[in-house]
Amino acid sequence: MPFNVTGAFDDGATYSVQVTGRADRPVIGSHRATALVELRQESPISLSPTGPVRTVAGDDEATVLAVLREYTSVVEEGPGAPRQAQVPG
């Protein structure tokens, strides 16, 4: 199910994208966020601070969101976004 993500890059540039769950076009909206996700395709990424680690795939919404969380400051995730595991403490 598609959902929206809003965030910012380290240089302060903001973005708003739709994570589609489609392998051919995993992110729509920001050319920079799209390029980031495409660059990280087939790389391992942790879905949360405690794992598990999975390979980034365009049709895997959880890994696409993990890339955005890892390399940008995600400000808001819309309804339907995969939940991030909480670290007990």
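Look a little higher up for the structure.
To start, this report covers the structure provided alongside it. Keep in mind it's a predicted model, so treat the numbers as computed, not measured. (Residues numbered from 1 in each chain as written. Predicted model: local features only at pLDDT ≥ 70, side-chain atom pairs only at ≥ 80, totals over all residues. Heavy atoms only, no water.)

1. Describing the overall build of the protein chain
- Counting its secondary structure elements, the protein chain contains 2 helices and 6 strands.
- Taken from the N to the C terminus, the helices and strands of the protein chain come in the order β-β-β-α-β-β-α-β.
- Here the C-alpha atoms of the protein chain give a radius of gyration of 12 Å, agreeing with the 12 Å that 2.2 N^0.38 yields for 89 residues.
- If you line up the protein chain on its principal axes, its C-alpha atoms span 35 × 25 × 25 Å.
- Residues counted as buried form 37% of the 89 residues belonging to the protein chain. (Helix = DSSP H or I, 4+ residues; strand = E, 2+ residues; numbered from the N terminus. Rg over C-alpha atoms; globule rule 2.2 N^0.38 Å. Buried < 20%, exposed > 50% of the residue type's maximum accessible area, 1.4 Å probe, protein only.)

2. Description of the nonpolar core
- In terms of nonpolar packing, the biggest core is built from 19 residues, with V5, Y15, V17, A33 and L68 touching the most fellow members.
- Among the elements of the structure, β1 (3–8), β2 (14–19), α1 (31–40) and α2 (61–71) are those that each provide at least two residues to this core.
- In terms of residues, this core owes the most to one element, α2, which gives 5 residues.
- Setting aside anything within four residues of it in sequence, one finds V17 in contact with F3, N4, V5, V27, I28, G29, S30, A33 and L68. (Core = buried A, V, L, I, M, F, W, Y, C linked by side-chain atoms within 4.5 Å. Contact = heavy atoms within 4.5 Å.)

3. Structural notes on the packing of aromatic side chains
- Counting across every chain of the model gives 1 aromatic pair.
- Stacked on the ring of F9, the Lys or Arg R32 has its end atom at 4.1 Å from the ring centre. (Phe/Tyr/Trp six-rings, centres within 6.5 Å; stacked < 30°, edge-to-face > 60°. Lys NZ or Arg CZ within 6 Å of the ring centre and 35° of its normal.)

4. Quick word on the sheet that holds β2
- On the basis of which strands lie adjacent, the open sheet formed by 4 strands has the order β3-β2-β1-β6 and antiparallel pairing. Every interior strand has two partners, whereas the edge strands, β3 (27–28) and β6 (73–77), have only one.
- Here β2 pairs with β3 via 2 bridges, running antiparallel. Opposite Q18, over in β3, you have I28 as the bridge partner.
- Contacts from α2 reach β1, β2, β3 and β6 within the one sheet, and its direction differs from that of β2 by about 175°. (Pairing = 2+ DSSP bridges. Axes fitted to C-alpha atoms, helices over the stretch in contact; angles between N-to-C directions.)

5. Digging into α1
- For α1, every residue scored as buried is listed here: A33, T34, L36 and V37. Within α1, the buried residues cover an arc of 160° as seen down the axis, which keeps them to one side. Relative to its buried face, α1 has exposed residues pointing more than 90 degrees away, namely H31 and L39.
- Contact partners of the buried residues in α1: β2, β3 and α2.
- Looking one or two residues past α1, E42 carries a phi angle of roughly 70°, positive in sign. (Arc of directions from axis to C-beta.)

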